[in-house]
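# Notes for the structure review
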Amino acid sequence: MISYIIRRLGGAVIVLLGISIITFVIAFLVPANPARAIVGPHAPEALVLQVDKQLGLDQPLPIRYVNYMNNLVHGNLGMSYVLDQPVTNLIEQRVGATAQLALAAWVLELVIGIPLGIISAVYDRKIIDHIASLLALIGISLPVFFVGLELMYWIGFRLNWLPVGGTGGFNYIILPGLTYAITGAAYYSRLLKASMLDVLSSDYIRTAKAKGASPARVIFGHALRNGIIPALTYGGIDIAALFGGVVVIEDVFGYSGLGQLAVQAISNLDVPVIMGTVLFATAFVVLVNVVVDVLYGIVDPRITYS
Amino acid sequence: MAHMMADSSPTTGLKQRLAHPPTKVRSKFVRVLRAYPLVFVGGLMVLALIFVAVFADKLATFNPNFQFANGLAPDGAPLAPNHTFIMGTDDLGRDVYSRLLFGARVSLEVGVFASLISLFIGTTLGIISGYYGGFVDSVIMRITDIMLAFPFILFVVALVAVLSPSISNIFIAIGVLGWAVTARIVRAEVMKVKEFEYVQAARALGSRQWRILFKIILPNIMAPVIVLTTLAIGNNMLLESTLSYLGIGVQPPTASWGSMLSEGQQVFEYAPWLLYYPGLALMLAVLGFNLLGDGLRELFNPRRVR
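## A closer look at the overall build of chain A
For chain A, the count of helices and strands is 12 helices and 0 strands. Tracing chain A from N to C terminus, the helices and strands come up as α-α-α-α-α-α-α-α-α-α-α-α. Dimensions of chain A, computed from the C-alpha atoms along their principal axes, are close to 85 × 55 × 30 Å. Once local pairs closer than 6 in sequence are excluded, the contacts in chain A between residues at least 24 apart make up 72%. For chain A, the computed accessible surface area is about 14900 Å², with 67% contributed by carbon and sulfur atoms. Each charge sign in chain A was given a centre, from 17 positive and 17 negative side chains, and these centres are 13 Å apart.

What follows is the structure in structure tokens.
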């Protein structure tokens, strides 16, 4: 078990190194000169060169990468070109908001996805199953920002129940979270349906039924309890998608989290912030996946690591 | 849903059968349609989308980019749907219906080309990885892990921003970054197929390697690849709309459903139709591909005999 964890962490380090190289190359492929962007279009050429030197942009790419990684292992992600703050501070200020939003999105996803999945599995191929499946499929087929805008229009603007956008307390998380949940719940409902159908056709369910267990007990006590494991572990894989989805949703709702920071950085060519947010998000995703794999083994003793 | 596809009446069916004994192919076709209504419905929706995209210039009532002087109310507000502008006008006095039709082109173009690029890369890498195994396999799979760990949207947004936004750069970015899932699934399929007797037999008979790979293994893994590609087209259409919504997709004045939604967002309090039409168009288009993909998955599933 320990050796498995060590091996998985080793793999994670390699993945993270690869990600840092790819991000670095993309970030510095930017055709526009960041130094020029900082000093403004009318500043003299000498000033641009000076800023270039200050930022270390006059050095060849591999040396810049080594410098960058050297700073990185010391916990320094550089200074934002535009916001005049260390990138680590910017991430720190916003990570909480994004984490809250992601958590709300995930919970709401389960709240919508699990009942749909149970209904679909219990009424497999009945009309109710078809309706539940179709609803789930429509959810996947909707663009995130369209759902966001409609919720904003109806619940925020017309009914005036919740704030239209912005960052604040609990009320500000519901609409963005719901937006993500509507477009993602289908993944959970489908997984749950498939795994519950597997369980429902197994021998021990027949035994339970033969013993005279009530349908509710069979469905909730046995099928759901065993069938929900794959659906829950999907959450680990889903984290990458969650981050991606949150990027767009934060933009729609003007929610100031990591996603908004990243999108603004991309449009401002604020390279250190782009690098920092992407690296932070991916590192988180990779680590969560390792944790989920390990937890999976603890929860389900049938899995052996070799 | 099956009853919708049933014959109009048993007698006409009988008469037809007496007049023209049905060929085997036709009866099988009808049987498949009846057993897999999803393929039928999804296929029709996809065909409708292709028709609209191909004949956009014939079906459009106006030039999609022309700003009509009579397309705005005296106070400068967009016009609600009426006799001249059947889906109303946008905030610049352009015809929403015509823009919607041309938006279908952009959407389908990006969806199809992006998916073909990632299909090509993913299938090639997956086959190599699955067939040869060993070191090559570990390298390719590590790269796949890296690609999957990225928050995909953020990655695509960054790459398109760097390459400068245009239709071709969008599908290149999506295609080049989006092959990881295909590679994984193809690899798994190849590993399964390569142990089958007919592959072993081909190897024993001394077939050349490319022949085994592309003439024997490739056709046998096509089913999941086709399903995956169908679903990917829908997903990539969503992604294109997201990029255009964020302003780094198709550039104005070219109409894209995503940019129509982002323009509509400015005035949606008093012109909600500017969101409904492109939003619903996107949903229906993506739903068509999702239904078709799900239907094909069932159709190809050998375990499900009907």
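## Re the environment of B:Arg105
Residues and elements named next belong to chain B. Position of Arg-105 relative to the elements: it lies in helix 5 (residues 96-132). On the accessibility criterion, Arg-105 (29% relative accessible area) is partly exposed. Residues Arg-105 and Ser-256, 151 residues apart in the sequence, show an inter-C-alpha distance of 8.4 Å. Excluding residues that lie within four positions of it along the chain, Arg-105 makes contacts with Ala-53, Val-54, Ala-56 and Asp-57.

## A look at the interface of chain B and chain A
In this assembly, 40 residues from chain B lie in contact with 43 residues from chain A. Summed over both sides, the interface of chain B with chain A buries roughly 3700 Å², with 79% coming from carbon and sulfur. Put simply, chain B and chain A have 1 salt bridge between them. In this structure, the salt-bridge partner of A:Arg190 is B:Asp294, at a minimum N-O distance of 2.2 Å.

## Describing unusual backbone geometry
A positive phi angle, close to 60°, is found at A:Asp84, a residue other than glycine. Relative to the helices and strands, A:Asp84 resides in the loop between helix 4 (61-73) and helix 5 (87-122).

## Comments concerning the domain arrangement of chain A
All names here are of chain A. Per the domain assignment, the segments making up chain A are domain 1 (2-73) and domain 2 (88-299). Between the C-alpha centres of domain 1 and domain 2 there is a distance of 33 Å. With 18 residues of domain 1 in contact, the opposing surface of domain 2 contributes 14 residues. Counting the surface lost from both domain 1 and domain 2, the interface buries some 1400 Å², and carbon and sulfur atoms represent 86% of this. The interface formed by domain 1 and domain 2 contains 0 salt bridges. Viewed at the interface, domain 2 and domain 1 are joined by 0 residue pairs in polar contact (both at pLDDT 80 or more). Elements represented by at least two residues in the side of domain 1 that touches domain 2 include exactly helix 1 (2-27) and helix 4. In terms of residue count, helix 1 provides more of the side of domain 1 that touches domain 2 than any other element does, 12 residues in total. Taken together, the residues that form the side of domain 1 that touches domain 2 break down as 15 nonpolar, 2 polar and 1 charged.

## Considering the pattern of salt bridges
Residues and elements named next belong to chain A. A full pass over the atoms with the stated rule returns 13 salt bridges over all chains. The partner of Asp-124 in a salt bridge is Arg-125, and the shortest N-O contact between them spans 3.7 Å. On the basis of relative accessibility, which here comes to 26%, the residue Asp-124 falls in the partly exposed class. Lys-193 is paired through a salt bridge with Asp-129; the nearest N and O atoms lie 3.3 Å apart. Residue Lys-193 is found in helix 8 (residues 171-200), and its partner Asp-129 is found in helix 6 (residues 127-141); the two are separated by 64 residues along the sequence.

## Considerations on the packing of aromatic side chains
Residues and elements named next belong to chain B. Inspection of the entire model under this criterion finds 9 aromatic pairs over all chains. Consider the rings of Phe-51 and Phe-55, whose centres lie 5.0 Å apart with planes at 50°: the pair is tilted. Residue Phe-55 is classed as partly exposed on the basis of its relative accessible area, which comes to 35%.

Procedures and definitions
- Residues numbered from 1 in each chain as written.
- Chains lettered and ligands numbered in written order.
- Predicted model: local features only at pLDDT ≥ 70, side-chain atom pairs only at ≥ 80, totals over all residues.
- Heavy atoms only, no water.
- Helix = DSSP H or I, 4+ residues; strand = E, 2+ residues; numbered from the N terminus.
- Contact = heavy atoms within 4.5 Å.
- Areas by Shrake-Rupley, 256 points an atom, 1.4 Å probe, with all protein chains shown as cover.
- Lys, Arg positive; Asp, Glu negative; His and termini not counted.
- Charge placed at Lys NZ, Arg CZ, Asp CG, Glu CD.
- Buried < 20%, exposed > 50% of the residue type's maximum accessible area, 1.4 Å probe, protein only.
- Buried area = accessible area lost by both parts, 1.4 Å probe.
- Salt bridge = Lys/Arg side-chain N within 4 Å of Asp/Glu carboxyl O.
- Domains from an automatic or database assignment.
- Polar contact = N/O pair within 3.5 Å; in protein donor to acceptor, adjacent residues only side chain to side chain.
- Nonpolar A, V, L, I, M, F, W, Y, C, P; charged D, E, K, R; others polar.
- Phe/Tyr/Trp six-rings, centres within 6.5 Å; stacked < 30°, edge-to-face > 60°.

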